[in-house]
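Working through the structure, step by step
So the chains spell out like this:
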Amino acid sequence: MSAPFTIAIDGPAAAGKGTISRAVAAHYGFEHLDTGLLYRAVGAKVLLGVDPVQAAQRLVTADLDSDDLRSPEVAQAASKVAAIAAVRAALLDFQRSFARRAGGAVLDGRDIGTVICPEAEAKLFVTASPEVRAERRFAELSAQGTAISRAQVLADVKERDARDRSRAEAPLLPAKDAVEIDTSEMSIEAAIATAIAAIEARRR
Ligand code: CDP
């Protein structure tokens, strides 16, 4: 079994963390956890009337499978439950163990490099302008058949970022030792190559 090697990829909504994380995980043969799905799954249960803390405490992996988790309503509900300390606490151990699993792990989210795994061997903070992020999310949502305007997607992204940055518990912010990658002007291929180059620099 090889030693743990954790790659923490944080950043604001729709910055490209998911695409970069999946590519980086495939490149190194590491397991990948999209931690946003945990908060989305809790948010989805809250929309059905479940108490947020109970939803977080009783979350099971099957809850992460639903396609409905990608909707804008669930994204907003996720960022609301994500501000609740007891919700974050309930999801902590699972994320920490995943991060330190043997064989290497890539986790993407908001607080991976700051709270979940401050000892991560490589930390990236992926950003892009709100307009570019909203455009990318609009394309994704349109492709999955969601009827929503560009203006609404931009407003949602800005609202979620503001909530994620201003919360008291595990706010969205770059770890001191994170490498920042602004993907506003980058192709997907360039963003992945930049991420891998930054990780290689930490592996040496
Ligand atoms: O895909 P996108 O970047 O739009 O969002 P996501 O990563 O699926 O996260 C959804 C929401 O969950 C975020 O707006 C955060 O409020 C919350 N979240 C968090 O607080 N901490 C994490 N590690 C991951 C997500």
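Okay, so let's go over this structure.

The rules behind these values
Residues numbered from 1 in each chain as written. Predicted model: local features only at pLDDT ≥ 70, side-chain atom pairs only at ≥ 80, totals over all residues. Heavy atoms only, no water. Helix = DSSP H or I, 4+ residues; strand = E, 2+ residues; numbered from the N terminus. Rg over C-alpha atoms; globule rule 2.2 N^0.38 Å. Core = buried A, V, L, I, M, F, W, Y, C linked by side-chain atoms within 4.5 Å. Buried < 20%, exposed > 50% of the residue type's maximum accessible area, 1.4 Å probe, protein only. Contact = heavy atoms within 4.5 Å. Pairing = 2+ DSSP bridges. Axes fitted to C-alpha atoms, helices over the stretch in contact; angles between N-to-C directions. 1 Å grid on protein atoms, 1.4 Å probe; cavity = no way out; pocket = protein on both sides within 12 Å on 5 of 7 lines; lining within 4 Å. Points joined across faces, edges and corners; volume = space filled by probe spheres on them. Nonpolar A, V, L, I, M, F, W, Y, C, P; charged D, E, K, R; others polar.

1. Thoughts on the overall build of the protein
- Along the backbone of the protein there are nine helices and five strands.
- The linear arrangement of helices and strands in the protein, starting from the amino end, is β-α-β-α-α-α-α-β-α-β-α-α-β-α.
- The C-alpha atoms of the protein give 16 Å as radius of gyration, which agrees with the globular expectation for 204 residues (17 Å, within 12%).
- Referenced to the eigenvectors of the C-alpha coordinate spread, the extents of the protein come out at roughly 50 × 40 × 30 Å.

2. Remarks on the nonpolar core
- With 20 residues, the main nonpolar core has Ile7, Val24, Leu124 and Ile199 as its most contacted residues.
- A per-element tally of this core places helix α9 (residues 188–203) first, with six residues.
- If we ignore the near neighbours within four places in the chain, the residues touching isoleucine 7 are Val24, Tyr28, Phe30, Ala105, Val106, Leu107, Ala122 and Ile199.
- By size, the runner-up hydrophobic cluster in this structure holds 17 residues, among which are Tyr39, Ala44, Ala56 and Ala78.

3. A short note on the sheet that holds strand β1 (residues 6–10)
- Taken in spatial order, the five strands of this open sheet run β2-β3-β1-β4-β5, and their pairing is parallel. Each edge of the sheet is formed by a strand with only one pairing partner; in this case those strands are β2 (31–34) and β5 (179–182). Between one strand axis and the next, the sheet turns by 20° as a mean value, whatever way the strands run.
- Taken strand by strand, helix α1 (residues 17–28) contacts β1, β2, β3 (105–109) and β4 (122–127), and its axis lies near 175° from that of β3.
- Docked against the sheet, helix α5 (residues 85–99) engages β1, β2 and β3, running at close to 140° with respect to β3.

4. Focus: the layout of surface pockets
- Considering only enclosed or pocket space, the largest pocket measures out at about 680 Å³ in volume.
- Lining the largest pocket are 36 residues; nearest its centre among them are Ala14, Ala15, Lys17, Gly18 and Arg137.
- Counting residues per element, the ones that place at least two in the lining of the largest pocket are α1, α2 (36–47), α4 (72–81), β3, α7 (130–143), α8 (150–166) and α9.
- Top contributing element to the lining of the largest pocket by residue count: α1, with five residues.
- Taken together, the residues of the lining of the largest pocket sort by class into twelve nonpolar, nine polar and 15 charged.

It is worth stressing that arrangement in space is one thing and function is another; only the former is reported here.
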